[in-house]
Amino acid sequence: MTQAPASVPAAAPAPASAPTAATPADDAVEMAPLPGRSLTDDPQWFKKAVFYEVWVRAFRDSTGTGVGDLNGLVEKLDYLAWLGVDCIWIPPFFPSPERDGGYDVDFLTGIQVQLGTHQGMKVLLQEAHARGIRVISDFVVNHTSSDHPWFISSREDPEGPHGDYYVWRDDDTAYADARIIFVDSEESNWTFDPVRKQFYWHRFYHHQPDLNYDNPQVLEEILNALRFWLDLGLDGFRLDAVPYLVEEEGTNCENLPGTHAILKRIRQMVDEEYPGRMLLAEANQWPNEAVEYFGDGDECHMAFHFPVMPRMFMALRQGSRASISQILADTPELPENCQWATFLRNHDELTLEMVTEEERDYLWAQYAPVSKMRLNLGIRRRLAPLVDNDIRQIKLLHSMLLSLPGSPVLYYGDEIGMGDNIWLPDRDGVRTPMQWTSEGPGGGFSEANPYLFPKPIPCAPPYGIEHVNVADQQADPDSLLNWLRHTLQVRRAHEVFGLGSFRELESTNEVFAFERAQGSTRVLSFNNLTEWPQLVDVQLEGLVGRTPSVLSGSIGEAPEVIVDQYQLELPPFGYVWLLFSDPPATPVQRS
Ligand code: NOJ
């Protein structure tokens, strides 16, 4: 097995080829990447990285077909480097009937024709790496599409080579304790196949049969497919739907020991054959279960922290830090070589699986008052509309996202406050085209006739391209985009955000206050969760006589610490990050 290099040399070479087709956005603002951007040999790169999820089909169409593609993403790499992204996550790009956004794969080592070619993927990796950006992709380990040749062979020839690749039974009574995940569309985890005249098991849509990991050959196939992409140069994978890999009677069929054994085997292969690459677990679980996906540092490098996400939104509406404090207190320590992935939104509904029923009803009432805004156990809306396009709340949510422990995962379009379209089915309303410019009809996404776009661009004010687009926000120093870029620069300049310890500070009111510390560096993050001005009022030991620098925030300066009890006022939904360091740090200049 060839070992593709895990990283490029420390000094980034010039891009292998000139970026193609400059867009109006490129012309408007000089797209200088951040200084010193290059990939390092640091095996724990992911602990300090900022991730950015790109829905490729909706990002940039380079061919005039109306569908975004890999080459379109290449065209926008300079933008992502400018923004300060360290790693791009691309959802499934494999051949698929696309009845679940590509998470229904019918060829594990192919590329969907509309999206590009293997050569195009190589170019993407080369160009991204040249800009100091890594690329991970989804890999769907739990199931395939029912169009996959394995499934076709399995249903037609039970005794054949793939007869046992899926979970078949004569009736639909097994594993009755397993919940249904897509409650709005599926009634059972079993579906009858009229060809094989048996039932097959599926945790998601009925056209996504689960693979049968009791057959060791299945894992070998998956390992080989992963090797294929690692050989091509991908830096890792978001492993989709990992809690459900194996089934066991009498359990809820989630997080079982057999599932962990499979993930450990995948990790072993990565460590032995492709050191430096990374595995990110999608396990929508409570903290004590999610932490199991790190194993003893021998399973996944990262796992999404699902429970903290809805609590950031809850904290905002309740004007209370109680729920977020509680879930962080309930979050176990993780192995030294691992990291949480934190996020506000992604390509799915804002999942409310990891809250109580009462909390879910509350969040639905607050954030999804209209039934069309709800899907399964979640909310199918984007970040800006969720908070009524209130830039103070968007910044406050990002303040928590970017200063809490974990590596943040941004969702394309949220950096400019894009809107959604609740009239589109399923989760399509949060997968609309990226809005690059105000120029209609394609807004810089595509030059094709908009009829051809997989999803229309939202046009209702205030979210149409004339109000929300990258080019205008790049040109406006006070835009959300420039604020986020600056805040990412601040984060990059201080390793403590990625590597530091976490401690919540006792606060006498509803300011969510915590400390990140690494060596002699201490960063304090204060977040006013209410719509009223609030006094930060915390006990600070060992800092009397020191004046912190304001790294980012709603106030310009912070007072000296005169006595242990430190006070400063935050505006409604305001936040501030304060740095105490030895020696005092030089401020990050806006560039
Ligand atoms: C999780 C993915 O995020 C979601 O989009 C998909 O529908 C399910 N897994 C099934 O693959």
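As a reminder, the structure under discussion sits directly above these lines.
Just so it is clear, the model here is predicted, and its values are computed rather than measured.

Undergrad: Would you mind going over the environment of Tyr 451 in detail, with residue names and values included?
TA: Turning to its location among the elements, Tyr 451 is positioned in the loop between strand 14 (407-411) and helix 14 (470-475). Under the relative-accessibility criterion, Tyr 451 is labelled exposed at 76%. It is 37 Å that separates the C-alpha atoms of Tyr 451 and His 486, two residues lying 35 residues apart in sequence.

Undergrad: So what's going on with the packing of helix 9 (residues 308-318) against helix 11 (residues 357-367)? Residues and values would help.
TA: Look at helix 9 against helix 11: their axes get within 11 Å of each other, and the N-to-C directions meet at 65 degrees. Judged by the angle between their axes, helix 9 and helix 11 are roughly perpendicular. Judged by the sense of rotation from one axis to the other, the crossing of helix 9 with helix 11 is left-handed. Contacts from Pro 310, Arg 311, Phe 313, Met 314, Leu 316, Arg 317 and Gln 318 in helix 9 reach Glu 359, Tyr 362, Leu 363, Gln 366 and Tyr 367 in helix 11. Along the lines of polarity and charge, the residues of the contact of helix 9 with helix 11 split into 7 nonpolar, 2 polar and 3 charged.

Undergrad: So, the site of the ligand: which residues are in play, and what are the values?
TA: Close to the ligand lie Asp 100, Tyr 103, His 143, Phe 182, Phe 204, Arg 238, Asp 240, Glu 282, His 347, Asp 348, Arg 427 and Arg 431. Note that an oxygen atom of the ligand is positioned 2.7 Å from one of the side-chain N or O atoms of Asp 100. Note that an oxygen atom of the ligand is positioned 2.9 Å from one of the side-chain N or O atoms of Arg 427. Protein chains bury 98% of the 290 Å² of accessible surface belonging to the ligand in isolation. A per-class count over the shell around the ligand returns 3 nonpolar, 2 polar and 7 charged.

Undergrad: Describe the packing of aromatic side chains, and please don't skip the residues or the numbers.
TA: Using the criterion set out here, one finds 38 aromatic pairs in the structure. Pairing Trp 150 with Tyr 165 gives two aromatic rings, centres 5.2 Å apart and planes at 75 degrees, and the pair type is edge-to-face. Of this pair, Trp 150 sits in helix 5 (residues 149-156) while Tyr 165 is found in the loop between helix 5 and strand 4 (168-169), placing the two residues 15 residues apart along the sequence. Note on accessibility: Trp 150 and Tyr 165 belong to one class, buried. Ring geometry for Tyr 411 and Tyr 412: centres 4.8 Å apart, planes at 70 degrees, overall edge-to-face. For the pair Tyr 411 and Tyr 412, a shared accessibility class is recorded, and that class is buried. Aromatic ring contacts, followed pair by pair, group Tyr 52, Phe 59, Tyr 79, Trp 82, Tyr 411, Tyr 412 and Trp 436 into a single cluster. The aromatic ring of Trp 436 is capped on one face by Lys 76, whose charged end is 4.1 Å from the ring centroid. Across from the ring centre of Tyr 412, 4.6 Å away, lies the NZ or CZ of Arg 382, which sits over that ring.

Undergrad: So, the sheet that holds strand 13 (residues 378-379): which residues are in play, and what are the values?
TA: Strand order in the open sheet formed by 3 strands is 11-13-12, with antiparallel pairing between adjacent strands. What marks the edges here is a single partner per strand, and that holds for strand 11 (350-351) and strand 12 (374-375). Bridging between strand 11 and strand 13 involves 2 bridges; their strand directions are antiparallel. Bridge pairing in strand 13 places Thr 351 opposite Gly 378.

Each value, and the rule that gives it
- Residues numbered from 1 in each chain as written.
- Predicted model: local features only at pLDDT ≥ 70, side-chain atom pairs only at ≥ 80, totals over all residues.
- Heavy atoms only, no water.
- Helix = DSSP H or I, 4+ residues; strand = E, 2+ residues; numbered from the N terminus.
- Buried < 20%, exposed > 50% of the residue type's maximum accessible area, 1.4 Å probe, protein only.
- Axes fitted to C-alpha atoms, helices over the stretch in contact; angles between N-to-C directions.
- Parallel < 35°, antiparallel > 145°, perpendicular 65-115°, else oblique.
- Left-handed = near helix turned anticlockwise from the far one by under 90°.
- Contact = heavy atoms within 4.5 Å.
- Nonpolar A, V, L, I, M, F, W, Y, C, P; charged D, E, K, R; others polar.
- Near = heavy atom within 4 Å.
- Polar contact = N/O pair within 3.5 Å; in protein donor to acceptor, adjacent residues only side chain to side chain.
- Areas by Shrake-Rupley, 256 points an atom, 1.4 Å probe, with all protein chains shown as cover.
- Phe/Tyr/Trp six-rings, centres within 6.5 Å; stacked < 30°, edge-to-face > 60°.
- Lys NZ or Arg CZ within 6 Å of the ring centre and 35° of its normal.
- Pairing = 2+ DSSP bridges.

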